[in-house]
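Examining the three-dimensional arrangement
The primary structure of each chain is shown beneath.
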Amino acid sequence: MRIEILQTYIISANPQKNFAAMKRDIEIAKQKKVHLILFPEMALPGYFNGDIWEQNSFLKECEHHTNEIALLSKDIHIIFGSVG
C-alpha cells in the first residue's frame, strides 16, 4: 500500500483555494498510484479566528468542496479535515 502524507500550505478561511490545492495534490497522487492520501486537519477550511463558523454561507461552501473531494476519491482513499 502506498501512502502519501502531506503538509500543505493552507490559507485561512479560504476553502476555495484550499480545495484547488488539494485537488491538484490528489491528481498527482493518483498519477503516482498512491492508495491513501492524508491531508492535515482543517485542510479545507483552514484555521481562523472569529465567528466565521457561524456563517451559513461559509459552512455551505465547505460542504460543497467536501462533496467535490468525495467525487475525486475514485481509485484513492482521502483523509482530510473540514467543517460542515
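Scroll up a little and you will see the structure.
Report follows, based on the coordinates. Being a predicted model, the structure only gives us computed values, none of them experimental.

1. Some thoughts on the overall build of the protein
Each helix and strand in the protein was counted, giving two helices and three strands. Element order for the protein, N to C, with α for helix and β for strand: β-α-β-α-β. Against the compact-globule benchmark of 12 Å for 84 residues, the protein has a radius of gyration of 13 Å, which places it among compact chains. The principal-axis extent of the C-alpha atoms belonging to the protein is close to 40 × 20 × 15 Å. Across the 84 residues that make up the protein, the buried fraction comes to 38%. Looking at the protein alone, contacts between residues at least 24 apart form 77% of all its contacts between residues at least 6 apart. Accessible surface for the protein amounts to roughly 5500 Å². Of this, 52% is attributable to carbon and sulfur atoms. Side-chain charges of the protein comprise 9 positive and 10 negative groups, with the mean position of each set lying 11 Å from the other.

2. What about the sheet that holds strand S1 (residues 3-5)?
The strand order S1-S2-S3 describes an open sheet built from three strands, whose pairing is parallel. In the strand order of this sheet, the two ends are held by S1 and strand S3 (77-79), each with one partner. The mean inter-strand angle of the sheet, taken between neighbouring strand axes irrespective of direction, is 10 degrees. Pairing analysis gives three bridges linking S1 to strand S2 (residues 36-38), with the strands arranged parallel. Following the sheet pairing, Ile5 is matched in S2 by Leu38.

What counts, and at which threshold
- Residues numbered from 1 in each chain as written.
- Predicted model: local features only at pLDDT ≥ 70, side-chain atom pairs only at ≥ 80, totals over all residues.
- Heavy atoms only, no water.
- Helix = DSSP H or I, 4+ residues; strand = E, 2+ residues; numbered from the N terminus.
- Rg over C-alpha atoms; globule rule 2.2 N^0.38 Å.
- Buried < 20%, exposed > 50% of the residue type's maximum accessible area, 1.4 Å probe, protein only.
- Contact = heavy atoms within 4.5 Å.
- Areas by Shrake-Rupley, 256 points an atom, 1.4 Å probe, with all protein chains shown as cover.
- Lys, Arg positive; Asp, Glu negative; His and termini not counted.
- Charge placed at Lys NZ, Arg CZ, Asp CG, Glu CD.
- Pairing = 2+ DSSP bridges.
- Axes fitted to C-alpha atoms, helices over the stretch in contact; angles between N-to-C directions.

None of the figures reported here should be taken as evidence of function without further support.
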